[in-house]
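Breakdown of the fold
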Amino acid sequence: MSKVRTGSRWRPQLPAATALAAFAAVLLLVSPAAAIVPQAAAPVTAPADLGRLADERASVVEVILADTAELDALVATGVDLDHHVTHTGDGIVVHAVVTGNEVATLTRAGFTFGTVLHTPQDAAQRVAEREATIAAHLAENQEYAAAADFSARSTVSDVRIIRADYYTSGDTQVLSVEAKWASGQADSSPLTVERDSGPGTGIGSGGTQTISRFVDAGVYLYHRGAAQVTSRPAYVRITSPSGDVAVAKVNEWLPVPPKDPEGPGYMKDFVASYLTPTELYDRIKALSAQYPKISEIVELPHRTNGYRRKAQAVLGTVDASRVAVDSLAWGHQGGNDISVELADPGVADAPLAVTVTGTAVRVDLATDGSGTVTSTAEQVVAALNAQAGTLLTAYTYRGSPGTGVVAPAARTALSDGLAAPASVSRDPHPVYAIRIGKHRDGSRLGVLAYAQEHAREWVPPLVTIETAERLLRNYAHDRKTRELVDNLDIWIAPSINPDGGHYSFYDFNSQRKNMTNHCAPQAPADFLGRNSWGVDNNRNYTEYSLFDGYAGASTNCTSGTYAGPGELSEPENRNVDWLAARPNIRFSMNLHSSGNYFMWSPGSYAVPGRVSAPRPTLAEESLFWGASSRILTAIKRHRNLAVTPARTGPIADVLYSAAGNSGDMLWYKYGIYAWNFEVGTSFQPDWQEAHAETMEFANGLTEMLRVARDFDTDRKRPRSSLSVRASATPGMVDVTFSTSEPAAVFYTLDRSRPTYAATLYGSAGIREGGETLTIPVGTTVHWFSVDAAGNVERNYKPDGRGNNHNKQKVKAPKR
Ligand SMILES: [Zn+2]
């Protein structure tokens, strides 16, 4: 690979990587439930997003209960509850499986609903994905079994250890083992893992643990399991039920370095509370004013649509007779002053009439000969539009023909429903970044960090602020900070979606999207649907998007993952595109929460078939993995929180498809090494937890800057060596490669000159440890290694003519 930015969207994948990538693809759907990380209590959620509910089809919705008495009362109603019951500081949250009509009934009975967690549409999509996944896994299993080089890359054993990872998390020591057994599809037996108790100790002396089959939709993927241990094992052994044996060395996942890399006097801990977008921008402006020589504020080119809405009301309770009204003016520009009354004239044979007095609209409903009101919703809508059309627009409820007779209603004020103080601007909002660096002219390697694409994620912006302050406030006295600021061009955008962010703080704390309403009137665009509007800014980008046929985004304007009317339709997204297009930017971090994930591309796949966006070449992925271990180790330094192996890797492997996400745009469109943090354990944890998460992920973001700096200065060529051990098979030897730094090894066994098209050794592989090659005694291995910055061992030119690569004829080792 070259340090020259790739102009094309994607380089062809190395043929040799295909089999390995296919095997890695088998290792999908690693359940986060198995991971051991400190858990914060789930927050009690705000009023529900109930507009998304279908009337007659069940969705999963949180019910917020004060105490066990209320829980018992809920159970007594016979409502369908799943097994989720969380006791929070303030009460109990349960998950109910209910229809929209049931929610209405239970709400009248006094129950409070929280977030809508799962709708029928979600379920249909899961089913489609499930079927595609089953087919893909079956095909991958067949491919794995039939792979021509299977016997060469495996030992003769029918069981193979994929990973054996030791790590500590908090005070707990854990050994996580994954293995694949040839009979795993048909035979449900667990496998027993024997551990030693450290270097030089006997296998079995550290005890045993059982790993069980990971079967997804009836398809065997592999065996896996994690157990607490009391010492760090050096080796593990699995004996399969048929008597075959596999042995693997235990890798340490995120070993903690002996001391912090920062020098004495290094200052940190600069955040003391959550910050609204207005406060985030004020903070970076104040910082830049204090450090004008090494920073500046940049207003991004596109203003948002604004924290503003039309004033609205929905009159009536029965759908066919409801009347919805919207002001023409924005709420804060007069819309909120409008009111509508639906009056019963109290006389017989009255005509339908509308009177406008200033901003007060009165509808006198028509009556029949007995004085009974006869005006239908459709008739009232037409009359309002004809007589009050300079103030408002009226429509029937969510596509209803409006044939129901309307009920008289007292004077109702229209409202934009926005509660933020006047200090929060209602105008289209500027979006700001702080640019930090001694040389801010594009001549230095650029790094981008951006947060709050998703409004309700309140910790990630703090991580960016903390990181910016560490850079600026340590610059004068900390040599290592100075090296970063003097040599990098660092762009930090703490809030990409300020409108949604403000809405999340002041109105609806579960807000995920921006505030732009793309819903047609029946979609719903009425007052009751307002918490469901908006575009998911992390689904509105250009690569492998919904519009390209990829999964994990929605065309429904009220979906949590609504992709918008088209790629880059939203100003928030055009701002990120503008930042990423800066030609010197090579590294980026997209900060989200929650889950303690660390991820990179591909972030999406197409269904059916689960065809992912192209995987990075393994040479490129070696940088992702190598840098990941540094960044995650830095995170762990704060309070020993381990981002687990199961939560590290390509988004499509460890989470789910997210078509049109920003990380994919930065990687595929601009060639930026684009990572994604999922910070912490919930969107809005209590402050003690939020503070700890901010500190640890600011460590990680700062380490990413060091990775970028090292990448920029890395001229050191990797070295590699081959080790040879006796094989269980007569006439064969087991060989492994090791490298002096994260690097990819390419090799041949047929005496040919190795190129980038040669076989790629699995040590840099996607989810595997170093593989063991079992090859005939006397084979000559030809190979070279290349590090993530593109430095090739011995300055060998894989695409040239020289022969200065490594060669070794393997002999039978002495017994
Ligand atoms: Zn997010």
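These notes cover the structure that comes with them. (Residues numbered from 1 in each chain as written. Predicted model: local features only at pLDDT ≥ 70, side-chain atom pairs only at ≥ 80, totals over all residues. Heavy atoms only, no water.)

With that settled, the discussion passes to the overall build of the chain. Counting its secondary structure elements, the chain contains 15 helices and 36 strands. Residue burial in the chain is summarised as follows: out of 815 residues, 57% are buried. Sequence separation of 24 or more characterises 75% of the internal contacts of the chain that already satisfy a separation of 6 or more. Of the roughly 31100 Å² of accessible surface on the chain, a fraction of 53% belongs to carbon and sulfur atoms. (Helix = DSSP H or I, 4+ residues; strand = E, 2+ residues; numbered from the N terminus. Buried < 20%, exposed > 50% of the residue type's maximum accessible area, 1.4 Å probe, protein only. Contact = heavy atoms within 4.5 Å. Areas by Shrake-Rupley, 256 points an atom, 1.4 Å probe, with all protein chains shown as cover.)

For the coordinates displayed, the defined rule picks out 23 salt bridges. Between D489 and R435 there is a salt bridge whose closest N-O contact spans 2.7 Å. Of this pair, D489 sits in strand β23 (residues 488–493) while R435 sits in strand β21 (residues 432–436); the two residues are 54 residues apart in sequence, bridging distant segments of the chain. When its relative accessible area of 0% is taken as the criterion, D489 is described as buried. For R435, a relative accessible area of 6% puts it in the buried group. A salt bridge links R512 to D536; its shortest N-O distance comes to 2.7 Å. A residue pair is termed long-range when its members are at least 10 positions apart, and R512 in the loop between α10 (498–506) and α11 (571–580) and D536 in the loop between α10 and α11 qualify at 24 residues. The buried category is assigned to R512, whose relative accessible area is 15%. By relative accessible area, D536 is classed as buried at 0%. Within this structure, E341, R362, D364 and R411 form a network of salt bridges that share partners. (Salt bridge = Lys/Arg side-chain N within 4 Å of Asp/Glu carboxyl O.)

On to the state of the cysteines. Under the definition given, this model contains one disulfide. One disulfide bridge connects C519 with C557, the sulfur atoms lying 2.1 Å from each other. With the S-S bond torsion at 110°, the cross-link from C519 to C557 turns out right-handed. Residue C519 is found in the loop between α10 and α11, and its partner C557 is found in the loop between α10 and α11; the two are separated by 38 residues along the sequence. Comparing C519 with C557 shows no difference in burial state: the two are buried. (Disulfide = S-S within 2.5 Å.)

In space, the four strands of this open sheet follow the order β17-β18-β16-β20, with mixed pairing throughout. Each edge of the open sheet carries a strand with a single partner, namely β17 (353–357) and β20 (409–413). This sheet shows a mean twist of 15° between the axes of neighbouring strands, independent of strand direction. Two elements, strand β16 (residues 339–343) and β20, share three bridges in a ladder whose sense is antiparallel. Note on β20: the bridge partner recorded for S339 is A413. Helix α7 (residues 377–387) contacts β16, β17 and β18 (360–364) of the sheet and is inclined by roughly 40° relative to β17. (Pairing = 2+ DSSP bridges. Axes fitted to C-alpha atoms, helices over the stretch in contact; angles between N-to-C directions.)

What follows is about the coordination of the zinc ion. Coordination angles at a metal have ideal targets, namely 109.5 degrees for four tetrahedral donors and 90 or 180 degrees for six octahedral donors. Bound to the zinc ion on the protein side are H454 (ND1), E457 (OE), E457 (OE) and H592 (ND1), at distances that span 2.0 to 2.6 Å. If you look at the zinc ion, its four donor atoms make angles of 56 to 139° with each other, and the shape they trace is irregular. The exposure class of E457 is buried, given its relative accessible area of 2%. (Donors = N, O, S within 2.8 Å, 3.2 Å for Na, K, Ca; no water. Tetrahedral: all angles 85-135°; square planar, octahedral: opposite > 155°, others 65-115°.)

Residue placement: L418 occurs in the loop between β20 and β21. Here L418 falls in the buried class, since its relative accessible area comes to 12%. With 88 residues separating them in the primary sequence, L418 and Y506 have C-alpha atoms 7.7 Å apart. Not counting residues up to four positions away in its chain, the partners in contact with L418 are Y307, R308, R309, R426, Y503, D507 and M515.

Below, the discussion takes up the pairing of β21. Where burial is concerned, most of β21 is hidden: five out of the five residues are buried. Taking every second residue as pointing to the same face, both faces of β21 are buried, with Y432, I434 and I436 on one and A433 and R435 on the other. Judged from the five bridges that link them, strand β13 (residues 295–299) and β21 form a sheet pairing that is antiparallel. Pairing of V298 across the sheet is with A433, part of β21.

Judged by side-chain charge, R751, K809, K811 and K814 come together as a positively charged surface patch. Along the chain, K809 falls in strand β36 (residues 806–809). Residue K809 is classed as exposed on the basis of its relative accessible area of 52%. (Patch = residues over 30% accessible without salt bridge, like charges linked within 9 Å, V, L, I, M, F, W, Y side chains within 5 Å. Lys, Arg positive; Asp, Glu negative; His and termini not counted. Charge placed at Lys NZ, Arg CZ, Asp CG, Glu CD.)

A few words now on helix α14 (residues 662–670). Most of α14 sits inside the fold, with eight of its nine residues counted as buried. Here α14 has its buried residues at S662, G663, D664, M665, L666, W667, Y668 and Y670. One side-chain oxygen of the residue at the start of α14 lies 3.0 Å from the amide nitrogen of G663, identifying that residue as N661. With its phi angle positive at about 70°, G671 sits one or two positions after the end of α14. (Polar contact = N/O pair within 3.5 Å; in protein donor to acceptor, adjacent residues only side chain to side chain.)

Shape is all these values report; function is a separate question.
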